Amino acid sequence: MAKHGADELSCRSGSLDGEGRASEDRSLLRQRLAVQELIDTEVSYLHMLHLCASDIRSRLQQLPQGDLDVLFSNIDDIIKVNSRFLHDLQETASKKEEQVQLVGNLFLEFQEELEQVYKVYCASYDQALLLVDTYRKEPELQRHIQGIIEAVVPQAGSSGLSFLLVIPLQRITRYPLLLQKILENTVPDASAYPVLQRAVSALQDVNTNINEYKMRKEVASKYTKVEQLTLRERLARINTHTLSKKTTRLSQLLKQEAGLIPRTEDKEFDDLEERFQWVSLCVTELKNNVAAYLDNLQTFLCFRPHEYSLDIPEGPAVQYCNLARDLQLEAFLTFKQRLEGLVWQPLCSLAKALLGPQNLIKKRLDKLLDFERLEEKLLEVGSVTYQEEAARHTYQALNSLLVAELPQFNQLVVQWLGQILRTFVTLQRDLAKQVLQRAEGSMAQLPHHHVPEPAFRKLVEDALGRTSNQLCSFQETFEKVLPPPTTQPLLPGSERQAQALLSRYGPGKLYQVTSNISGTGTLDLTLPRGQIVALLQNKDTKGNSSRWLVDTGGHRGYVPAGKLQLYHVVPSAEELRRQVGLNKDPRCLTPEPSPAPAPSIPTVNQVIAVYPFVARSSHEVSLQAGQPVTILEAQDKKGNPEWSLVEVNGQRGYVPSGFLARAQSPVLWGWSLPS
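Treat the numbers as computed from the prediction; the structure is a model and nothing was measured.

## Regarding the nonpolar core
As a rule of thumb, soluble globular proteins bury nonpolar side chains together. Leu71 and Phe107 are the most contacted members of the largest nonpolar core, which totals 66 residues. In terms of residue count, helix 1 (residues 2-59) provides more of this core than any other element does, 12 residues in total.

## Some words on helix 6 (residues 139-152)
For helix 6, spanning 14 residues, the distance from its first C-alpha to its last is 20 Å, which sits close to the expected 20 Å at 1.5 Å a residue. Buried within helix 6 we find Leu141, Ile145, Gln146, Ile148, Ile149 and Val152. Angular distribution of buried residues about the axis of helix 6 spans 160°; they occupy a single face of the element. Residues of helix 6 that are exposed and angled more than 90 degrees away from the buried face: Glu140, Arg143 and Ala151.

## Some details on the layout of surface pockets
Computed from the structure, the second largest pocket encloses a volume of approximately 1,000 Å³. For the second largest pocket, the lining is made up of 32 residues, of which Ala123, Tyr213, Lys217, Leu401 and Glu405 are closest to its centre. Listed by contribution, the elements that provide at least two residues to the lining of the second largest pocket are helix 4 (99-123), helix 5 (125-136), helix 9 (192-223), helix 14 (355-381) and helix 15 (386-443). Broken down by element, the residue count for the lining of the second largest pocket peaks at 9 residues, all from helix 9. Shared between two domains, the lining of the second largest pocket holds at least three residues of each, these being domain 1 (21-220) and domain 2 (264-444).

## Concerning the sheet that holds strand 10 (residues 660-661)
Taken together, 5 strands build an open sheet; the order of strands is 9-8-7-6-10 and the sheet is antiparallel. Among the strands making up the open sheet, the edge pair consists of strand 9 (651-656) and strand 10. Inspection of the sheet shows strand 7 (residues 628-633) paired to strand 8 (residues 643-648) by 3 bridges, in the antiparallel sense. Bridge assignment links Ile631 to a residue of strand 8, and that residue is Val646.

## Quick notes on the pattern of salt bridges
Close approach of charged atoms lets side chains of opposite charge pair. As enumerated under the stated definition, the model contains 22 salt bridges in all. A salt bridge links Arg57 to Asp76, with the nearest nitrogen and oxygen atoms 3.0 Å apart. Of this pair, Arg57 sits in helix 1 while Asp76 sits in helix 3 (residues 75-91), placing them 19 residues apart in sequence. Its relative accessible area of 35% is what places Asp76 among the partly exposed residues. A salt bridge links Arg136 to Asp133; the shortest N-O distance between them is 3.5 Å. Of the two residues, Arg136 and Asp133 both sit in helix 5, 3 residues apart, roughly one turn of that helix. What makes Arg136 partly exposed here is its relative accessible area of 42%. Via salt bridges that share partners, Glu37, Arg174 and Lys181 belong to a single interconnected network.

## Some points on the packing of aromatic side chains
Counted under the stated rule, the structure contains 13 aromatic pairs. Judged by centre distance (5.4 Å) and plane angle (70°), the rings of Phe107 and Tyr175 are edge-to-face. Of this pair, Phe107 sits in helix 4 while Tyr175 sits in helix 8 (residues 167-184), and the two are 68 residues apart along the sequence. Grouping aromatic residues by their ring pairs yields a cluster made of Phe85, Phe107, Phe110 and Tyr175. Positioned above the aromatic ring of Tyr213 is the side chain of Lys119, whose terminal nitrogen or guanidinium carbon lies 4.7 Å from the ring centre.

## Structural notes on the packing of helix 12 (residues 267-302) against helix 14
Between helix 12 and helix 14, the shortest axis-to-axis distance is 12 Å and the interhelical angle comes to 140°. For the pair helix 12 and helix 14, the crossing hand works out as left-handed. Contacts between helix 12 and helix 14 pair Phe269, Glu273, Phe276, Gln277 and Ser280 from the former with Pro357, Gln358, Ile361 and Arg364 from the latter. Residues belonging to the contact of helix 12 with helix 14 are distributed by class as follows: 4 nonpolar, 3 polar and 2 charged.

## Comments concerning helix 14
An α-helical turn contains 3.6 residues, so any two residues separated by three or four positions project in the same direction. Taking 1.5 Å per residue, 27 residues should reach 39 Å; helix 14 reaches 39 Å between its end C-alpha atoms and fits that length. Where helix 14 is concerned, the buried positions are Gly356, Pro357, Leu360, Ile361, Arg364, Lys367, Leu368, Leu369, Asp370, Phe371, Glu372 and Leu374. Positive backbone phi, approximately 100°, marks Gly382, located one or two places after helix 14.

## Observations regarding a nonpolar patch on the surface
Judged by side-chain polarity, Phe456, Leu459, Val460 and Leu464 come together as a nonpolar surface patch covering roughly 330 Å² of accessible area. Along the chain, the position of Val460 falls in helix 16 (residues 453-481). What makes Val460 partly exposed here is its relative accessible area of 33%.

## Thoughts on the sheet that holds strand 1 (residues 510-513)
The strand order across the open sheet built from 5 strands is 4-3-2-1-5, with neighbouring strands paired in antiparallel fashion. The open sheet has two free edges, formed respectively by strand 4 (556-560) and strand 5 (564-566), since each of these has just one partner strand. Taken over all neighbouring pairs, the strand axes of this sheet differ in orientation by 50° on average, direction set aside. Where strand 1 meets strand 2 (residues 532-537), 3 bridges bridge the pair, whose relative direction is antiparallel. Within strand 2, the position partnered with Gln512 by the bridge is Ile532. Contacts from helix 17 (residues 495-505) reach strand 1, strand 2, strand 3 (547-551) and strand 4, with the element oriented near 30° to strand 2.

## As for the side chain of Gln512
By secondary structure assignment, the location of Gln512 is in strand 1. Residue Gln512 is classed as buried on the basis of its relative accessible area, which comes to 1%. In this structure the side chain of Gln512 is engaged in a polar contact, spanning 3.3 Å, whose partner is the backbone oxygen of Gly530.

## Let's talk about unusual backbone geometry
The backbone of Ser73 shows a phi angle near 45°, a positive value even though the residue is not glycine. Following the sequence through the fold, Ser73 ends up in the loop between helix 2 (65-72) and helix 3. Look at Ser73 and you get partly exposed, because its relative accessible area is 23%. Notably, Asn649 is not glycine yet its phi reads approximately 55°, a positive angle.

Rules used throughout
Counting starts from 1 at the beginning of each chain's written sequence and moves along it residue by residue. pLDDT decides what is reported in this predicted model: residues at 70 or higher carry local features, side-chain atom pairs at 80 or more are listed and counted, and totals for whole chains, interfaces and linings draw on all residues regardless. With hydrogens and water set aside, each side-chain value is computed from the structure's full complement of heavy atoms. Throughout this description, the term nonpolar core refers to a set of buried Ala, Val, Leu, Ile, Met, Phe, Trp, Tyr and Cys residues connected via side-chain atoms within 4.5 Å. Exposed residues in this analysis have more than 50% of their type's maximum accessible area, buried residues have under 20%, and partly exposed residues fall in between, with area computed by a 1.4 Å probe over protein chains only. Strands here are runs of E lasting at least two residues and helices are runs of H or I lasting at least four, both read from the DSSP assignment and numbered beginning at the N terminus. Expected span of a helix, by definition, is 1.5 Å for each gap between consecutive residues, and there is one gap fewer than residues. Directions drawn from the helix axis to the C-beta atoms are what define this arc. Here a cavity denotes grid points, spaced 1 Å and computed from the protein atoms alone, that fit a 1.4 Å probe unable to get out, and a pocket denotes an open set having protein on both sides within 12 Å along at least 5 of 7 lines; residues with an atom within 4 Å of a point are the lining. Grid points are joined across faces, edges and corners, and a volume is the space filled by probe spheres set on the points. Segmentation of the chain into domains, including their bounds, is taken from an automatic or database domain assignment. By the convention used here, strands pair only if DSSP detects at least 2 bridges between them. Salt bridges, as used here, are contacts in which a Lys or Arg side-chain nitrogen is within 4 Å of a carboxyl oxygen on Asp or Glu. Two rings from Phe, Tyr or Trp (for Trp, the six-membered ring) form a pair when their centres sit within 6.5 Å of each other. Planes less than 30 degrees apart are called stacked, planes more than 60 degrees apart edge-to-face, and all others tilted. For a ring to carry a charge above it, either NZ of a lysine or CZ of an arginine must fall within 6 Å of the ring centroid while also lying within 35 degrees of the normal to the ring plane. To get an axis, fit a line to the C-alpha atoms, keeping to the stretch in contact for a helix; angles then go from 0 to 180 degrees between the N-to-C directions. Crossings are sorted by hand: turned counterclockwise from the far helix by less than a right angle, the near helix makes the crossing left-handed, and turned clockwise it makes it right-handed. The contact definition used throughout considers only heavy atoms, calling two residues in contact when any of these lie within 4.5 Å. For this classification, Asp, Glu, Lys and Arg are treated as charged, while Ala, Val, Leu, Ile, Met, Phe, Trp, Tyr, Cys and Pro are nonpolar and the rest, including Gly, are polar. Patch criteria: residues need more than 30% relative accessible area and no salt bridge. Like-charged residues are merged within 9 Å; nonpolar side chains of Val, Leu, Ile, Met, Phe, Trp and Tyr are merged within 5 Å. All accessibility values rest on the Shrake-Rupley procedure with a 1.4 Å probe; residue burial counts only the protein chains present in the view. Whenever a nitrogen or oxygen atom comes within 3.5 Å of another N or O atom, the pair is scored as a polar contact, on the condition that within protein one atom can donate a hydrogen and the other can accept it, and that pairs from neighbouring residues in sequence are kept only if both atoms are in side chains.

Honestly, that's just the spatial picture; any functional story needs more than this.
And the structure:
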């Protein structure tokens with residue numbers, strides 16, 4: 001009987017061992033099936049990506065390129081990473097015993113790459129869906145898109161683009177589930193078990209990081225928009241809530257500046273921001289310099305000396321004109337077009353790309369002030385509201401995004417800037433080379449082509465020096481013989497008034513009205529052309545320098561400064577006679593009335609005009625300095641010797657007698673150029 005019991009126990013033990021082995025076999029089978037499912041679904045997934053990237057995208061070329069970039073995002077990068085991943089995954093099939101552990105290690109190896117490519121795609125997914133919604137509002141376009149997708153991927157059905165766009169999101173979220181399924185069918189004491197555990201945790205972290213990155217990008221997209229708002233639109237957005245927030249932030253900032261509360265220090269971000277501001281300054285300065293360069297280039301192109309007629313039939317001047325015309329119409333024009341396309345436009349795009357980060361940095365400061373205030377409240381009270389918690393998370397998201405992406409952004413901007421500078425230098429070099437090639441034939445025909453460059457420079461300097469000396473000589477001659485400034489004659493009967501102003505204020509304060517003035521204000525004066533006034537103040541009571549306070553000798557008031565010119569004392573007839581050899585009294589300002597008409601003008605009938613005179617009515621006649629004049633009557637109809645009736649070029653009229661003098665030579669103001 002004891003023997004029978006022992007046999008029964010041995011039989012049960014064998015049965016349990018058999019069930020354990022059968023259970024292990026089933027687990028191993030499910031494990032292999034899970035691994036095979038991973039490989040098979042990866043093959044199908046990669047095939048679908050290729051269809052999207054090649055067939056479908058190539059057939060949607062009627063959509064704008066910007067839309068295609070948003071819809072398919074970085075799908076090419078995903079294909080590259082997943083192609084290598086699938087290749088390594090398929091190679092594990094040859095090592096059955098180590099396959100599970102190799103699969104786990106493979107996921108750990110590709111963890112960082114998968115996160116980098118999929119977070120970019122996931123961040124732009126919502127924007128792609130917005131585009132899909134806009135296409136649905138255009139029935140004809142929607143039918144065209146749907147027809148293309150159904151022809152390539154029939155299983156997409158009515159979902160169309162939405163079915164394809166969500167596939168990468170589904171795949172990255174499915175990796176942890178597939179690994180978990182493999183892990184569940186792996187015995188805990190197997191060597192692959194801890195590797196699979198780390199792989200599952202790593203892929204879960206990848207999905208968590210992608211979600212956080214997507215949230216940060218959503219926050220950033222909210223604040224990177226640059227809105228061009230008018231003052232009225234900005235005022236319309238002000239309400240009690242915004243005023244309260246701005247007041248609180250200002251109070252927080254003032255407390256920090258006063259040292260009442262500590263300021264949050266973030267050296268990592270501060271260093272990144274400093275470099276970003278430096279890069280932004282470089283871009284701005286270069287943009288301003290290139291803009292000035294283009295303006296100067298345009299001015300240079302507008303100057304076309306070769307189009308002027310030089311009256312030189314042949315020789316170096318004609319050769320220069322031909323060369324200048326060739327360079328103007330081809331070389332320089334092509335250079336300007338290339339400069340605008342290869343330097344200016346990329347530079348403008350680069351400056352525009354800086355606006356988003358600049359707004360984020362400004363917004364971060366606002367959110368930092370909110371965050372610091374909420375941290376104080378959290379320490380004092382121990383809790384915050386839901387909205388305040390959201391504000392804390394907003395700052396954390398902005399700060400994390402800037403710290404993570406500013407280094408790459410700064411690096412890309414520097415590279416972009418360097419490429420623009422290299423392009424600019426290359427364009428300059430090509431222009432110089434092209435100009436030299438075009439000028440080579442013409443330079444050989446120029447008279448000094450054989451002269452070495454230093455000697456040619458000396459030759460040019462000497463020629464310029466001689467020309468400069470000649471111009472200086474011309475200038476000195478002009479200054480010696482230049483007639484006095486043109487001055488309108490005094491109004492009849494105003495000489496005594498002008499003499500009184502001169503004696504009271506001096507010659508430096510006297511001005512003459514150049515055109516009739518009609519006063520419009522209570523303090524404005526109405527004055528005729530030729531009136532002499534004395535300047536009292538060169539601005540009005542409001543500091544406006546365009547209205548001057550003057551004295552007419554009887555009234556004071558304001559007149560436009562633009563209608564006044566400094567009055568030059570007109571010599572009397574006696575002074576003019578003294579200049580031509582007569583001895584007369586030079587003290588009077590203008591010709592004084594005299595009962596004897598003889599001293600007012602020369603006794604001869606043929607005289608010359610000493611000063612130019614502009615006729616103001618049909619009774620007067622205009623004069624030019626040095627013009628011969630015939631005196632018909634040495635006084636006007638009232639017997640006033642200050643005005644004379646003359647004949648000039650067949651025209652008769654009155655002119656001021658003080659503007660006439662006896663001719664000592666054929667041309668009183670004649671001069672000749674130095675030989």
